[in-house]
Amino acid sequence: MRLADDPAVEEFRAEFSAFLDANLPSAAEALPRPKSSADIPEWARRWQRTLFEAGWLLPANPPEYGGRNATLQQQFAHLEELSRRQIYHSFNPQGLGIIAASLLAFGTAEQKQRWAVPILRAEITAALGMSEPGAGSDLAGLRTRAVLSDDGDHFVVNGQKVWTSGAHDADVLLAFVRTDPDAPRHKGISVLLIPTDTEGVVRRPFGSIAAEDDLDFNEVFFTDVVVPRENLVGPLHEGWSVANGSLGHERTMLWLGYAERLDDLLQDAPSKEEWYATLMMDVQALRLLGYRQLAGQRPDVEVSLLKLFGSEAVQNASLHALEAQGFEGLVHPTTTAPYNHMNNENFSASWFERYVRTFAGTIAGGTSEIQRNIVAERILGLPR
């Protein structure tokens, strides 16, 4: 099921499909695999640059930023084609989908050229420094401080981030810091680009529930880190608007990823149980809601509804698939779907791993609890 055919959109889709047929890396080329969400093997860097130069990386962007000024429906066709072929969009997903997008939206012309374009071309990788030990989903509670020097030339940063995906392999962090400690909680936040080789930056990767050597999460410590004023993204003390933009970039098309995972479960875990019928209905409902958002019916608030429904549908179905396997479902590590060299191996890992990784979906980009509050207040009109 997909949107009704539009000749211009279908021509766009066919052109992209032909490009993929002619340019996809081979399985032999793609033998080196990424070790984290900011570790892009050389073959994948070449592939991302190929997409950028042909205008197929982010089609909505202008050509100088890896696109072709595509319409929203054309963007969706592009993502559908990637999904159909199980092609992972980028092995630095936060760099591409959040950080570069935020720089293009809020950065200066110089920042776009110095940082956004190299990230888009996979010449460097980036990680997002938001969560802290005392401020996970509550960004307004962050305590990492950045003090502007007396001459206004640079900031001095002290504090800690945690759950910073890929930080140990990233070249730069987009870090949210408090620059006015006396301002209200949602004020006085600023955003800095901090190169990870800056003196005073310490990155400590740690394992996940999937495996001790599954090193993606990081603690990041800042001790008297000097950051040039020119690395300030957006206005001083106005980081909250950048944060909303960053998470908006992250959430807008997240639902399509959840639809992909539901499609995977339909294929990989066939069952005659009632939960499988629910799964079939959920994937259809999610796509219909997504199409309605594309049609422009309250797109801002429905992003939260899609994120909430999609992430929890994947989590529920993954739990049922795990339980259906009995003790065999706990065999780990193993594979539960055919290998695809262009995809992320996490999507074909053991049933145990596929289930536990769904919790990232109900936490990242705004927890389910936060999404329920948004739906209650802004869609249902309930009191705070």
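On a predicted model such as this, the values are computed, not experimentally measured, just so you know.

Engineer: Any details on the overall build of the chain? Residues and values, ideally.
Structural biologist: Within the chain one finds 12 helices and eight strands. Its C-alpha atoms give the chain a radius of gyration of 21 Å, near enough to 21 Å, the size a compact globule of 384 residues would have. By its C-alpha atoms, the chain is 70 × 45 × 45 Å across when sized along the principal axes. Expressed as a percentage of the 384 residues in the chain, the buried residues total 51%. Taking the contacts inside the chain whose residues are at least 6 apart along the sequence as the reference set, 69% of them involve residues at least 24 apart. For the chain, the accessible area works out to roughly 17,800 Å², and carbon and sulfur atoms hold 54% of it. Distance from the positive charge centre (34 side chains) to the negative charge centre (51 side chains) of the chain: 3 Å.

Engineer: I'd like a rundown of helix α3 (residues 72-84), residues and numbers included.
Structural biologist: With 13 residues, α3 should reach 18 Å at 1.5 Å per residue; the first-to-last C-alpha distance of 18 Å fits that figure. All of the buried residues in α3 are Gln 74, Phe 76, Ala 77, His 78, Leu 79, Glu 80, Glu 81, Leu 82 and Ser 83. Buried residues along α3 sit in contact with α1 (7-23), α7 (254-268) and α8 (274-294). Backbone geometry just downstream of α3 places Gln 86 in the positive-phi region, at approximately 55°.

Engineer: Just give me the short version of the pattern of salt bridges, but keep the residues and values in it.
Structural biologist: Going through the model one piece at a time under the given rule, you end up with 21 salt bridges. The shortest N-O distance in the salt bridge between Arg 384 and Glu 377 comes to 3.3 Å. Residue Glu 377 is classed as partly exposed on the basis of its relative accessible area of 29%. Salt bridges here are not isolated pairs; linked through shared partners, they connect Asp 21, Glu 81, Arg 84 and Arg 85.

Engineer: Now, about the pairing of strand β7 (residues 218-228): what can you tell me, with residues and values included?
Structural biologist: When strand β3 (residues 154-162) meets β7, the two strands line up antiparallel, connected through eight bridges. The partner of Val 157 across the bridge, within β7, is Val 225. Where strand β6 (residues 201-205) and β7 come together, five bridges link them in antiparallel fashion. Of the residues in β7, the one forming a bridge with Val 201 is Phe 222.

Engineer: Summarise α1; cite the residues concerned and give the values.
Structural biologist: For α1, which comprises 17 residues, the first-to-last C-alpha distance of 24 Å matches the rise-based estimate of 24 Å (1.5 Å per residue) to within 8%. Val 9, Glu 10, Phe 12, Arg 13, Phe 16, Ser 17, Phe 19 and Leu 20 are the residues of α1 that are buried. Those residues of α1 that are buried lie in contact with α2 (42-54) and α3. Between the side-chain oxygen of the N-cap and the backbone nitrogen of Ala 8 there are 2.9 Å, and the N-cap of α1 in question is Asp 6.

Engineer: Give me the packing of aromatic side chains: which residues, what numbers.
Structural biologist: Under the counting rule described, the total for this entry stands at 16 aromatic pairs. Where Trp 163 meets Phe 206, the ring centres are 5.5 Å apart and the plane angle is 70°; that geometry is what we call edge-to-face. Placement of the pair is Trp 163 in the loop between β3 and β4 (172-178) and Phe 206 in the loop between β6 and β7, with a sequence separation of 43 residues. A connected cluster of aromatic rings, assembled from ring pairs, spans Phe 12, Phe 16, Phe 19, Trp 47 and Trp 56. One residue, Arg 68, lies across the ring of Trp 56, its end atom 3.7 Å from the ring centre. Above the plane of the ring of Phe 347 lies Arg 261, whose end atom (NZ or CZ) is 3.6 Å from the centre.

Engineer: Lay out the environment of Ala 27 with the relevant residues and their values.
Structural biologist: Within the element layout of this structure, Ala 27 appears in the loop between α1 and α2. According to the relative accessible area criterion, Ala 27 is partly exposed, its value standing at 41%. The spacing of Ala 27 and Phe 222 is 195 residues in sequence and 40 Å in space, taken between C-alpha atoms.

Engineer: I'd like a description of the environment of Asp 214, backed by residues and values.
Structural biologist: Looking at the secondary structure, you find Asp 214 in the loop between β6 and β7. Between the alpha carbons of Asp 214 and Ser 36 there is a distance of 8.1 Å; along the sequence they are 178 residues apart. What Asp 214 contacts, discounting residues up to four positions off in sequence, is Phe 206, Gly 207, Ser 208 and Arg 357. A polar contact is formed between the side chain of Asp 214 and the side chain of Ser 208, at a distance of 2.4 Å.

Engineer: Could you give me a rundown of the environment of Ser 190, with the residues and numbers involved?
Structural biologist: Counting through the fold element by element, Ser 190 comes out in strand β5 (residues 189-195). It is 35 Å that separates the C-alpha atoms of Ser 190 and Trp 43, two residues lying 147 residues apart in sequence. Setting aside chain neighbours within four positions, we find Ser 190 in contact with Ala 175, Phe 176, Val 177, Thr 179, Leu 232, Leu 236, His 237, Glu 238 and Gly 239. Only 2.7 Å separates the side chain of Ser 190 from the backbone nitrogen of His 237, close enough to count as a polar contact.

Engineer: Kindly report on the packing of α7 against α8, identifying the contributing residues and their values.
Structural biologist: Packed helices, taken two at a time, are described by the angle between their axes plus the distance between the axes. Contact pair α7 / α8: the axes reach a minimum separation of 10 Å and the direction vectors enclose 155°. In terms of orientation, α7 and α8 fall into the roughly antiparallel class. As α7 runs across α8, the sense of the crossing is left-handed. Of the residues in α8, those touching α7 at Trp 255, Leu 256, Tyr 258, Ala 259, Glu 260, Leu 262, Asp 263, Leu 265 and Leu 266 are Tyr 276, Leu 279, Met 280, Asp 282, Val 283, Leu 286, Arg 287, Gly 290, Tyr 291 and Gln 293.

Engineer: I'd love a proper account of the pairing of strand β2 (residues 145-148), names of residues and values included.
Structural biologist: Pairing of β2 with β3 involves four bridges; the strand directions are antiparallel. If you follow Ala 146 over to β3, its bridge partner there is Val 157. Count of turn residues in the β2/β3 antiparallel hairpin: five residues, of which Gly 152 carries a positive phi of about 70°.

How each quantity is defined
- For every chain, the first residue of the written sequence is number 1, and numbering continues from 1 along that sequence.
- Reporting of local features is limited, given that this is a predicted model, to residues whose pLDDT is at least 70; pairs of side-chain atoms are given and counted only at 80 or more, and all residues count toward the totals for whole chains, interfaces and linings.
- Heavy atoms throughout the structure, all of them, feed into the side-chain values; hydrogens and water do not.
- Segments assigned H or I by DSSP are reported as helices when at least four residues long, segments assigned E as strands when at least two residues long, and all are numbered from the N terminus.
- Radius of gyration: over C-alpha atoms. The globule rule applied is 2.2 Å multiplied by the number of residues raised to the 0.38 power.
- Working definition: with a 1.4 Å probe on protein chains only, accessible area under 20% of the residue-type maximum means buried, over 50% means exposed, and in between means partly exposed.
- By definition in these notes, contact holds between two residues if any of their heavy atoms fall within 4.5 Å.
- Surface accessibility follows the Shrake-Rupley procedure with a 1.4 Å probe radius. Residue values consider only the protein chains on display as shielding.
- Positive charges come from Lys and Arg, negative ones from Asp and Glu, while His and the chain ends are left out of the count.
- Charge placement uses NZ in Lys and CZ in Arg. For Asp and Glu, CG and CD serve respectively.
- Working rule for helices: expected span equals 1.5 Å times residues minus one.
- Salt bridge criterion: a side-chain nitrogen from Lys or Arg within 4 Å of a carboxyl oxygen from Asp or Glu.
- Two strands make a pair as long as DSSP finds a minimum of two bridges between them.
- Whenever a nitrogen or oxygen atom comes within 3.5 Å of another N or O atom, the pair is scored as a polar contact, on the condition that within protein one atom can donate a hydrogen and the other can accept it, and that pairs from neighbouring residues in sequence are kept only if both atoms are in side chains.
- Note on aromatic pairs: the rings of Phe, Tyr and Trp (six-membered ring only in Trp) are paired at centre separations within 6.5 Å, and the planes decide the class, stacked below 30 degrees, edge-to-face beyond 60, tilted for the rest.
- Criterion for a charge above a ring: Lys NZ or Arg CZ within 6 Å of the ring centre, and within 35 degrees of the ring normal.
- Here the axes come from fitting lines to C-alpha atoms, over the contacting stretch only for helices, and the angles between their N-to-C directions go from 0 to 180 degrees.
- Angle categories are assigned with fixed cut-offs, so that under 35 degrees is roughly parallel, over 145 is roughly antiparallel, 65 to 115 is roughly perpendicular, and the rest are oblique.
- Each crossing gets its hand from how the near helix is turned against the far one by less than a right angle, where anticlockwise is left-handed and clockwise is right-handed.

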